[in-house]
Amino acid sequence: MTYLAPRQGLFAIILLVSFCLQTLLLVISTDQQLSNTRAQKGEQMVAQLIDEARLSLENKDRVSLSVIANRYTSEQDVTRILIKDNNGDILVPVGNAPMQQGDTISQIATKGDAVIGSVALTLKNISKGEIIAMQWPFVIGSMLLHLLLWLIYSYIARPTREQINAISRDVQDLHREQYTPRDQRGYDRELERRQSMSATDSEKEAGQDDGSVNDGHALLDGKSNSQEAINAAYNKPPNTRKLDIHSAVNQYVRTQQNPDTTLDGSTNDSANGATDDTDAANNMTDRDVTVHTTHKAEDNSQHANNHASRLSATRAFDSVSVQIVFHDEFSMLERLAPSQRLPYLALCTQLLNQAVTELLKQPLLLGVSALNEPHFDESGAYVMLKAENSHAKVALAGVMLAKLYLMLNKIIHDKHIELSRFALPAKAGVSDNAQVDAMTHLLDSVGKKEQMLILLPNGGLKQISHHVQVQSIMRPTTVYERECAVFDGGNDAMIQRLADVRNAVLMIDDTEE
């Protein structure tokens, strides 16, 4: 697709103004030049007329003066001649256009020391149209030159492919910065849709349970399959898990008000549900009913305990999860050709692995180890750090690793953009294992470019409080957003340590290349 030159109409207006100014200057300069020439010519004519008419003027011979004056009015520039005597009376008024305006040149006629009269000669003004008519070759040539300049600009000022790509990247960055926060109404509609899907699945499972009342073994098999489905849902990768936000908020409020009552209520609800299932399954054997009731009560109690432990700010932890995702709002990575995408992901993976290796060599992070070898794909990368003893600062290690990779990715991103190559900014999240799903959701909903989100219990926040500064998310809408903190900076010692590790990683990378 061929694009027009930028602001082509504005450039045409500029050229039109330039042409008008050039023509105006031409008219002014020509008029001034002609005025000077006519003034000199008029003075010579007046002096010559006085010399010729001195004798007739002295004798006040009107006929002779008329003959002499008519000879001068035949000149094209002369419009009127007035000859007066020494008393100021008009002797001869000559001219066929007395109403025409022009420059008048007057001179007194003398004979010796005596004044015998005066002569006034009027030269007509030259109109601007006559000047343009006289200079028509220059005017037409200037107009053609300006038109040629406009055509040349329209051709050579068209944006190149590199400029179009750069503008596209700038527009995408601006769009991401302005429209990353999602519309709350759309967010609520998405939650309602997920809740309706969950309710539909529950009704289907209830229908399957009613249909299998007459067979105790089939019921147990169905419950086992349901439990496997639940376990599979909780064991999905972080980017495919779904959170029931409203249920989590209600459970959190109950837990904060009276944790013991909440757990007792959950147990009672489980017992009531088990009693209803026992009445419905009147064809079962006593052994099948007992097994079914016990199994369901354990599942409900375990589900309530999981929610309470995940939302508790005093929960214990000994490992931290660092999630690094690309800020790719328009899914550019998926549209990239494999020949370009795979080397880019391999570079990111190499940088992250070297960052983990170099960072864990720091004496400050003694006792922290990595449980997995991270690997980048379209959804990002995932690093698990574990504390080998109670003194290991695993939360600080997670925050430092996330910040270190953001620093590395910033350098790689700027270098790739400078070389007109593909690159994406990144964002990171640090959480304990109980909040992996919540952090994935937060990175997708409120995470911004080059930003780090922190979702840790009180113990983890205490570990990092002496090294980094954090701030809360403005206008939170969920309990997870209220508990989440945003990295706002670190002290000089930590930043210098991260800079040294960053330089070590880049030096290793350059050596290997």
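What counts and how
Residues numbered from 1 in each chain as written. Predicted model: local features only at pLDDT ≥ 70, side-chain atom pairs only at ≥ 80, totals over all residues. Heavy atoms only, no water. Helix = DSSP H or I, 4+ residues; strand = E, 2+ residues; numbered from the N terminus. Buried < 20%, exposed > 50% of the residue type's maximum accessible area, 1.4 Å probe, protein only. Phe/Tyr/Trp six-rings, centres within 6.5 Å; stacked < 30°, edge-to-face > 60°. Core = buried A, V, L, I, M, F, W, Y, C linked by side-chain atoms within 4.5 Å. Contact = heavy atoms within 4.5 Å. Salt bridge = Lys/Arg side-chain N within 4 Å of Asp/Glu carboxyl O. Patch = residues over 30% accessible without salt bridge, like charges linked within 9 Å, V, L, I, M, F, W, Y side chains within 5 Å. Areas by Shrake-Rupley, 256 points an atom, 1.4 Å probe, with all protein chains shown as cover.

Trainee: Looking at this structure, how should I read the environment of leucine 401?
Mentor: Of note, leucine 401 is situated in helix α13 (residues 394-418). On the basis of relative accessible area, leucine 401 is assigned to the buried category, the value being 1%. In the structure, leucine 401 is positioned 41 residues away from leucine 360 in sequence and 9.0 Å away in space, judged by C-alpha atoms.

Trainee: How should I be thinking about the packing of aromatic side chains in this particular structure?
Mentor: Ring pairs (aromatic) are described by centroid distance and by the angle formed between their planes. Inspection of the entire model under this criterion finds five aromatic pairs. Aromatic pair phenylalanine 326 and tyrosine 344: ring centres 5.9 Å apart, planes at 35 degrees, arrangement tilted. Placement of phenylalanine 326 in strand β5 (residues 319-326) and of tyrosine 344 in helix α12 (residues 338-359) is noted, with a sequence separation of 18 residues between them. Of the two residues examined, phenylalanine 326 and tyrosine 344, each falls in the buried class.

Trainee: Even after reading the chapter, I still don't get the nonpolar core, so can you show me in this structure?
Mentor: Within the largest apolar cluster, 55 residues are counted, with the highest numbers of intra-cluster contacts made by Val322, Leu352, Phe376, Leu401 and Met452. Elements with a contribution of two residues or more to this core: β5, α12, β7 (381-387), α13, β8 (426-432), β9 (452-455), β11 (485-490) and α17 (492-512). With 14 residues, the top contributor of residues to this core is α13. Excluding residues within four positions of it along the chain, valine 322 makes contact with Ala381, Tyr382, Val383, Leu385, Gly398, Leu401, Ala402, Gly429 and Val430. Of all hydrophobic cores here, the second largest spans 22 residues; its members include Tyr72, Ile83, Leu91 and Leu123.

Trainee: Honestly, the pattern of salt bridges in this entry has me stumped. Any pointers?
Mentor: Charged atoms that come close allow side chains of opposite charge to pair. According to the stated counting rule, one finds seven salt bridges in the structure shown. Aspartate 51 is the salt-bridge partner of arginine 54, the closest N and O atoms lying 3.5 Å from each other. Residue arginine 54 and its partner aspartate 51 are both found in helix α1 (residues 8-59); the two are separated by three residues, about one turn of the helix. Taking the shortest distance from any N to any O, the salt bridge between lysine 361 and glutamate 358 comes out at 3.3 Å.

Trainee: I keep staring at a nonpolar patch on the surface and nothing clicks. Help me out?
Mentor: Together, Leu10, Ile13, Ile14, Val17, Leu21, Leu24 and Ile28 line one region of the surface with nonpolar side chains, adding up to about 640 Å² of accessible area. Its place among the elements puts isoleucine 13 in helix α1.

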